[in-house]
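Observations on chain architecture
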Amino acid sequence: MIGGLATALIIGALLLAAACVIVAIRNRAMGVVLLIGLGVLELGLLVQAGIGVAKVIGGQSPHETATFIGYLAGTVVIPPVAAVWALAERTRWGPAVAAVACFAIPVMVGRLLQIWQGTA
């Protein structure tokens, strides 16, 4: 795990969540800007997952390897599912779904850091 990447993902996800909440409060549907944000977030999560899996294969695995891999897989799945769901829901609740997903990412990335560092 790279601490700087994890921090950037947490901050980026929180900023995107705030943008989603603002769009939902304004009673707007999911837009291109939010989709691009989810895409950028997904790319960062894929990089993190690749690094995490490479380190596990390289022998630097945390004590709870299965839990670590599960959290990595979960973080990678959330943004695409949220994007599809948000696009399908053409009301204010589309961005609200994306906001909930974006709020879940920092929690999961923080948990990944705890597992990796052995403090969990």
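Residues numbered from 1 in each chain as written. Predicted model: local features only at pLDDT ≥ 70, side-chain atom pairs only at ≥ 80, totals over all residues. Heavy atoms only, no water.

**Description of the UniProt feature "transmembrane region" (unreviewed entry) in the chain**
Mapped onto this numbering, the UniProt entry gives "transmembrane region" (unreviewed entry) at residues 29-54, 66-87 and 93-113. A helix fraction of 100% and a strand fraction of 0% characterise residues 66-87, whose end C-alpha atoms lie 32 Å from each other. The straight-line gap between the two end C-alpha atoms of residues 93-113 is 31 Å; of that span, 100% is helix and 0% is strand. (UniProt positions renumbered as here; feature names shortened; annotations may be inferred. Helix = DSSP H or I, 4+ residues; strand = E, 2+ residues; numbered from the N terminus.)

**Here's the deal with the packing of aromatic side chains**
The tally for this structure, following the rule as stated, stands at 1 aromatic pair. A centroid spacing of 5.2 Å and a plane angle of 40° characterise the contact between Phe68 and Trp116, whose relative ring orientation is tilted. One end of the pair, Phe68, is in helix H3 (residues 65-88); the other, Trp116, is in helix H4 (residues 93-117), and 48 residues separate them in sequence. The pair formed by Phe68 and Trp116 is uniform in burial state, with each residue classed as buried. (Phe/Tyr/Trp six-rings, centres within 6.5 Å; stacked < 30°, edge-to-face > 60°. Buried < 20%, exposed > 50% of the residue type's maximum accessible area, 1.4 Å probe, protein only.)

**Focus on helix H2 (residues 32-57)**
Compared with an ideal rise of 1.5 Å per residue, which puts 26 residues at 38 Å, H2 spans 37 Å between its outermost C-alpha atoms and is within 8% of the ideal. Listed in full, the buried residues belonging to H2 are Leu34, Leu38, Leu41, Glu42, Gly44, Leu45, Gln48, Ala49, Gly52 and Val56. In this structure, the buried residues of H2 make contact with helix H1 (3-25), H3 and H4. Phi for Gly59, located one or two positions after H2, is positive at around 100°. (Expected span 1.5 Å × (residues − 1). Contact = heavy atoms within 4.5 Å.)

**Notes on the environment of Val23**
Here Val23 shows up in helix H1. We classify Val23 as buried; its relative accessible area is 18%. Along the sequence, Val23 and Glu64 sit 41 residues apart, while their C-alpha atoms lie 38 Å from each other. If we ignore the near neighbours within four places in the chain, the residues touching Val23 are Arg28, Ala29, Leu34 and Pro95.

**A word on a nonpolar patch on the surface**
A cluster of nonpolar side chains, Leu14, Val21, Ile25 and Phe103, forms an exposed patch at the surface whose accessible area comes to about 350 Å². Here the element with the most residues in the nonpolar patch is H1; it accounts for 3 residues. Examined against the element boundaries, Phe103 turns out to sit in helix H4. Since its relative accessible area comes to 42%, Phe103 is described here as partly exposed. (Patch = residues over 30% accessible without salt bridge, like charges linked within 9 Å, V, L, I, M, F, W, Y side chains within 5 Å. Areas by Shrake-Rupley, 256 points an atom, 1.4 Å probe, with all protein chains shown as cover. Salt bridge = Lys/Arg side-chain N within 4 Å of Asp/Glu carboxyl O.)

**Some thoughts on the side chain of Gln48**
Looking at the secondary structure, you find Gln48 in helix H2. A relative accessible area of 3% means that Gln48 is categorised as buried. The residues contacting Gln48, other than those within four sequence positions of it, are Met1, Leu5, Leu9, Leu72, Val109 and Leu112.

**Quick notes on the side chain of Thr75**
Mapped onto the elements, Thr75 comes out in helix H3. Given the relative accessible area of 1%, Thr75 is considered buried. Within polar-contact distance, the side chain of Thr75 engages the backbone oxygen of Leu72 at 2.8 Å. Not counting chain neighbours up to four residues away, the residues in contact with Thr75 comprise Glu42, Leu45, Ile105, Met108 and Leu112. (Polar contact = N/O pair within 3.5 Å; in protein donor to acceptor, adjacent residues only side chain to side chain.)

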